[in-house]
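Results of the structural survey
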2 protein chains.
Amino acid sequence: MRENGLLIVLSGFSGSGKGTIMKELLSRYPEQYALSISATTRQPRAGEAEGREYFFKTKEEFLRMIEQDELLEYAQYVDNYYGTPKAYVREQLKARKNVILEIEIQGALKIREQFPETLLLFVTPPSAEILKDRLAGRGTETKEVIHSRLARAVEEADGCEVYDYLVVNDDLDACVEEVHHIILSERSRMARRLDTIEEIKNQLKQYVKGEEI
Amino acid sequence: MRENGLLIVLSGFSGSGKGTIMKELLSRYPEQYALSISATTRQPRAGEAEGREYFFKTKEEFLRMIEQDELLEYAQYVDNYYGTPKAYVREQLKARKNVILEIEIQGALKIREQFPETLLLFVTPPSAEILKDRLAGRGTETKEVIHSRLARAVEEADGCEVYDYLVVNDDLDACVEEVHHIILSERSRMARRLDTIEEIKNQLKQYVKGEEI
């Protein structure tokens, strides 16, 4: 029963704590998780290392990766491209690491089209009111800023109903453990263990035939 | 977010340890689980109490329960009927208990037809060989007995591919915790939390309209 890791997408509202949940999983269970490292055409900033924060690419290299279908998903922000290289993800999954991608819903759906077994988790604060309070910060933001953040939150949740799980982040510590256990549990889903049960059933039938008692 | 408990079916090979897993869940987490109590037409044995081991019914009462659709599923063994009363299960679910039924695949599928949200778990030893050794007992059984137990095992697994989870019982303690976490995780499935996310989204839209900032 040597199994690959799972590919996991963590999406959620800005202010839902999804980034912290991801960091905590990596720090609590470093043997079990790997972050996906993105490729980007933007310039490295001070302290950023190739293959640690990002794989830094020229625009030509990036366009070639797109052309050769080497990216799970990609998007363009302002003048730069960002994407998820397949090769790195595949390598980590084979090393039995669960690979977590923190991306938005549109990218997640593209990935699921290619890899239907991808696990999609959406993180939300316990209520819209709590989210509003977090987005409002410490009362230093203008009404316009808060309004635009709320409008963005509505967009961020658009289509999240197709996700597999809704994780309510009330208490960070409990939430990290919940996400970890969701991922552990998913490994036992029948759809992921059909080989195991098939093998047991075939072996049992051999025994019944009396060939190997 | 007041949620009902989940209805859970635990099936598996004889010798898989499913009965022990169920008892352990009830003893470790008595607030979270309830066993389903079956109705039966057989006579109470010494020490059995009405409403504890079984709800004892006359054949006429039982047939009336069938007729009035008061049973989730039922079966006849030899001269007696056994069945799962809906009323008791419903009561426990409303009290937020997860109700566990230990039944075979055919009964499980009937229940899922009526309650599609029922969670189906199938328990197996790690391998056919280990199962065979358990069924063979301490070497005191005849070849014929072992053969008939193995043949029964093949039947017990027939159709289990439609179950939600395959739980491999290698180490009992770890397995009980795995089942517990599968059930906890299932509560966070998006399909069970559509009301929650809908409410948050609607509230956010109200905020964006500026009605309640």
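Our structure is the block above this text.
Conventions and cut-offs
- Residues numbered from 1 in each chain as written.
- Chains lettered and ligands numbered in written order.
- Predicted model: local features only at pLDDT ≥ 70, side-chain atom pairs only at ≥ 80, totals over all residues.
- Heavy atoms only, no water.
- Least-squares fit on C-alpha atoms with pLDDT ≥ 70 in both.
- Contact = heavy atoms within 4.5 Å.
- Salt bridge = Lys/Arg side-chain N within 4 Å of Asp/Glu carboxyl O.
- Helix = DSSP H or I, 4+ residues; strand = E, 2+ residues; numbered from the N terminus.
- Buried area = accessible area lost by both parts, 1.4 Å probe.
- Nonpolar A, V, L, I, M, F, W, Y, C, P; charged D, E, K, R; others polar.
- Buried < 20%, exposed > 50% of the residue type's maximum accessible area, 1.4 Å probe, protein only.
- Pairing = 2+ DSSP bridges.

1. Re the relation of the copies chain B and chain A
Mapping chain B onto chain A calls for a rotation angle of 180 degrees and an axial translation of 0.0 Å; the resulting RMSD is 0.0 Å. Interpreted geometrically, this transformation is the action of a two-fold axis. Measuring from the rotation axis to each C-alpha of chain B, the shortest distance belongs to His181(B), at 3.1 Å. Of the residues that chain B buries at the interface, 100% are likewise interface residues in chain A, meaning the two copies contact each other through the same surface.

2. Here's the deal with the pattern of salt bridges
The final tally for this structure, using the stated rule, is 30 salt bridges over all chains. Put simply, Glu156(B) and Arg152(B) hold a salt bridge, and the shortest N to O gap is 3.5 Å. In this pair, Glu156(B) and Arg152(B) both sit in helix H6 (residues 143-156), four residues apart, roughly one turn of the helix. Bridged by salt links that share partners, the residues Glu186(A), Arg189(A), Arg192(A), Glu186(B), Arg189(B) and Arg192(B) form one connected network.

3. Side note on the interface of chain B and chain A
Quoted interface sizes are often the accessible area lost when the parts come together. Listed by partner, the interface residues are 49 residues for chain B and 49 residues for chain A. Both sides together, the interface formed by chain B and chain A hides about 4200 Å², and carbon and sulfur atoms give 69% of it. The salt bridge partner of Lys201(B) is Glu161(A), with a shortest N-O separation of 2.6 Å. Mapped by element, the contributors of at least two residues to the side of chain B that touches chain A are strand S8 (119-124), helix H5 (128-136), H6, strand S9 (165-168), helix H7 (172-186) and helix H8 (194-208) of chain B. Considering each element in turn, the side of chain B that touches chain A owes the most residues, eleven residues, to H8(B). Among the residues making up the side of chain B that touches chain A, the classes are represented as 27 nonpolar, nine polar and 13 charged.

4. As for the pairing of S9(B)
Residues and elements named next belong to chain B. Burial along S9 is two-sided: the residues Tyr-165 and Val-167 and Leu-166 and Val-168 are all buried. By the bridge criterion, four bridges tie S8 to S9 in an arrangement that is parallel. Within S9, the position partnered with Phe-122 by the bridge is Leu-166.

Just geometry here; none of it tells us what the structure is for.
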